[in-house]
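Structural overview for review
Single-letter residue listing:
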Amino acid sequence: QHTCAAPGDNDDGGSSYDAFCDMCGASAEYSETIDTSGTYAKRTIVSNGCPNHYAVCTGKDTDGCGDVGEEGDGTQATPQDFSFDVPAYPVIATDTTDWPGCVTYEIG
């Protein structure tokens, strides 16, 4: 089994992951901010998509992955660039008549 270093004990300080995420979760990034400057307050969630937990590849028998039932020596998790804006204070809709049913074209 791969041994994960304590947070902050990795050689690069946990801040320079280019091709793959850290397999022990050290490269996970997540933040939320609330912006009340517009008509409606919004919550912006930003993440690099890296798992915040142990994520060593197993069961695929490919580069970096172990065979079925065996742990590999790498991860297939790659950094992403996620940013989502959602209502800061969501409420349950009281009227849903404006919602389109199932459509096969782009809405908006």
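Above: the structure in question.
Each chain has its residues counted from 1, following the order in which its sequence is written. For this predicted model, a pLDDT threshold of at least 70 governs which residues receive local features, and a threshold of 80 or more governs which side-chain atom pairs are given and counted, while totals over whole chains, interfaces and linings are taken from all residues. Side-chain numbers come from the whole structure's heavy atoms, not from hydrogens or water.

1. Observations concerning the overall build of the protein
Using the following cut-off: Comment: elements are numbered from the N terminus, with helices defined as DSSP H or I runs of at least four residues and strands as E runs of at least two. Note on classification: 1.4 Å probe, protein chains only; a residue is buried when its accessible area is under 20% of the maximum for its type, exposed when over 50%, partly exposed between these limits. Only heavy atoms matter for contacts: two residues are in contact if any of them lie within 4.5 Å across the pair.
A count of helices and strands for the protein gives 0 helices and 3 strands. Listed N to C, the secondary structure of the protein is β-β-β in terms of helices and strands. Expressed as a percentage of its 108 residues, the buried residues of the protein come to 21%. Here the analysis covers contacts within the protein between residues at least 6 apart in sequence; of these, 49% occur between residues at least 24 apart.

2. Notes on the environment of Gly 69
Note that Gly 69 resides in the loop between strand 2 (42-47) and strand 3 (82-87). Using a relative accessible area of 79% as the deciding quantity, one classes Gly 69 as exposed. In this structure the C-alpha to C-alpha distance between Gly 69 and Thr 58, which are 11 residues apart in sequence, comes to 6.7 Å.

3. Looking at the environment of Cys 21
Inspection of the secondary structure assignment puts Cys 21 in the segment before strand 1 (30-35). You can call Cys 21 buried: its relative accessible area is 5%. Filtering out sequence-adjacent residues up to four positions away, Cys 21 remains in contact with Ser 27, Cys 50, Pro 51, Thr 75, Ala 77, Thr 78 and Pro 79.

4. Description of the packing of aromatic side chains
Threshold: In this scheme Phe, Tyr and Trp rings, the latter by its six-membered ring, pair at centre separations within 6.5 Å, and the angle between planes marks the pair as stacked below 30 degrees, edge-to-face above 60, and tilted otherwise.
All told, the structure shown has 1 aromatic pair when counted by the stated rule. Judged by centre distance (5.9 Å) and plane angle (20°), the ring pair of Phe 82 and Phe 84 falls under stacked. Judged by relative accessible area, Phe 82 falls into the partly exposed class, the value being 33%.

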